[in-house]
Each structure stands twice: as structure tokens, then as C-alpha cells.
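Chain and residue survey
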Amino acid sequence: MTEKPEKPQKKPSRQQVFTLLVEVGRSPNDGLPKGASGAGLLCYASGVDEAEAVRETVAILKQAEMAPLDVTGYGTLAEREKQGHEIDDAERELMQRALDENSVIIAQMEPFFGNDKKPLQ
């Protein structure tokens, strides 16, 4: 009888979830409401570091025919907690989903109309 080789132990994931605020402009087929000049997107993105999370988020938004203009990073869950951010259960669930699926989750979208840009709440 031959023995099955031992399965290598799975290395712990180095992935983390980062909170990103992405400003997008207009492009054809972007799905934004008529009359909007762009939008702010609150995203949770997994990556080994924030730079990777930003790159992945921008790439996915471009695939969705959106026009990313600027990305502001707010850090990981632990970093945000350390800064005193209040993070509710729904937000934590979305962050966990981004980690589990190694994905980018768009949690909120706020269209901009004219030059009236308001930060997401």
C-alpha cells in the first residue's frame, strides 16, 4: 500500500482589506445617473498592501468602464479602529467578504452633480 504524500500546510494569507475612497469621472457606459459629473465610491479591497489594493480597484473599475481619477486610502480595519473610526457590523461584514473572496466590494456610491462634490458619509 502506498501512502499519500502529506498535503503542504496552507500558508496564512497575507491579504488584508483596505478602505478606499475612489473618485471617478464620466465615461461612456459608466452607469452613472444622467447629469452626474462623476461619483465617489467607497470600496473595500483586498491586497497584501495598500498599493496592491489600489491597483486592483482601479483595474476593476476600468473594466467596468468607469474612469477613476483619484484614490484616497483610509487603511485596514485595525488602522481605522486605532484612528477612532466607528465601524458597524454591516461594514465589517463587507470587509470580511472582500477578504474571503479576495475581491473589491463597492459599498457605497455617491454621484456628483455639477461641481458640487460632497464627501461620502
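A quick note: this is a predicted structure, and the numbers were derived from the prediction, not measured. (Residues numbered from 1 in each chain as written. Predicted model: local features only at pLDDT ≥ 70, side-chain atom pairs only at ≥ 80, totals over all residues. Heavy atoms only, no water.)

1. A few points about the sheet that holds strand 2 (residues 36-47)
To keep things clear, this is the line we draw: Note on pairing: DSSP must find at least two bridges between two strands before they are called paired. Going along the chain from the N terminus, every DSSP run of H or I of four or more residues is numbered as a helix, and every run of E of two or more is numbered as a strand. Every axis in this analysis is a line fitted to C-alpha atoms, fitted for helices over the stretch in contact. Angles between the N-to-C directions lie between 0 and 180 degrees. By definition, residues are in contact when any of their heavy atoms lie within 4.5 Å.
The antiparallel open sheet is built from four strands, whose spatial order is 3-1-2-4. The open sheet has two free edges, formed respectively by strand 3 (67-76) and strand 4 (104-113), since each of these has just one partner strand. Taking each pair of neighbouring strands and ignoring which way they run, the sheet shows an average axis angle of 20°. Note that strand 2 and strand 4 share nine bridges and pair antiparallel. Note that in strand 4 the partner of Cys43 across the bridge is Ile106. Docked against the sheet, helix 1 (residues 50-63) engages strand 1 (16-25), strand 2, strand 3 and strand 4, running at close to 45° with respect to strand 1.

2. Here's the deal with the nonpolar core
Worth spelling out the cut-off: Only buried residues count toward a nonpolar core, which is a set of Ala, Val, Leu, Ile, Met, Phe, Trp, Tyr and Cys residues joined through side-chain atoms within 4.5 Å. Classification of residues uses two cut-offs on accessible area relative to the type maximum, computed with a 1.4 Å probe and protein chains only: under 20% is buried, over 50% is exposed, and between them is partly exposed.
Core analysis: the largest hydrophobic core is formed by 14 residues, its most contacted members being Leu20, Val22, Val24 and Leu41. Elements that contribute at least two residues to this core include exactly strand 1, strand 2 and helix 1. Looking at this core element by element, the count peaks at five residues for strand 2. With near-sequence residues (within four places) excluded, Val24 lies in contact with Leu32, Gly38, Ala39, Leu41, Leu61, Met66, Ala67, Pro68 and Leu69. The next biggest cluster of nonpolar side chains, apart from the first, holds six residues, and it includes Val17, Leu42, Tyr44 and Met95.

3. Some remarks on helix 3 (residues 89-101)
One turn of an α-helix holds 3.6 residues; hence residues three or four places apart share an orientation. Quick note on the threshold: By definition here, a helix of n residues has an expected span of 1.5 Å times n minus one. What the arc covers is the set of directions going from the helix axis to the C-beta atoms. Whenever two N or O atoms come within 3.5 Å, that pair is a polar contact, provided that in protein one can donate a hydrogen and the other can accept it, and provided that, for residues adjacent in sequence, both atoms are side-chain atoms.
Taking 1.5 Å per residue, 13 residues should reach 18 Å; helix 3 reaches 18 Å between its end C-alpha atoms and fits that length. Looking at helix 3, one finds that the buried residues are Glu91, Met95 and Ala98. Down the axis of helix 3, the buried set is contained in an arc of 55°. They therefore lie on one face. For helix 3, exposure combined with an orientation more than 90 degrees from the buried face picks out Asp89, Glu93 and Asp100. The elements touched by buried residues of helix 3 are strand 1, strand 2, helix 2 (77-82) and strand 4. Regarding helix 3, its N-cap is Asp88, as a side-chain oxygen of that residue lies 3.2 Å from the backbone nitrogen of Ala90 further along. Phi for Asn102, located one or two positions after helix 3, is positive at around 50°.

In short, the description is geometric, and any link to function would need to be established separately.
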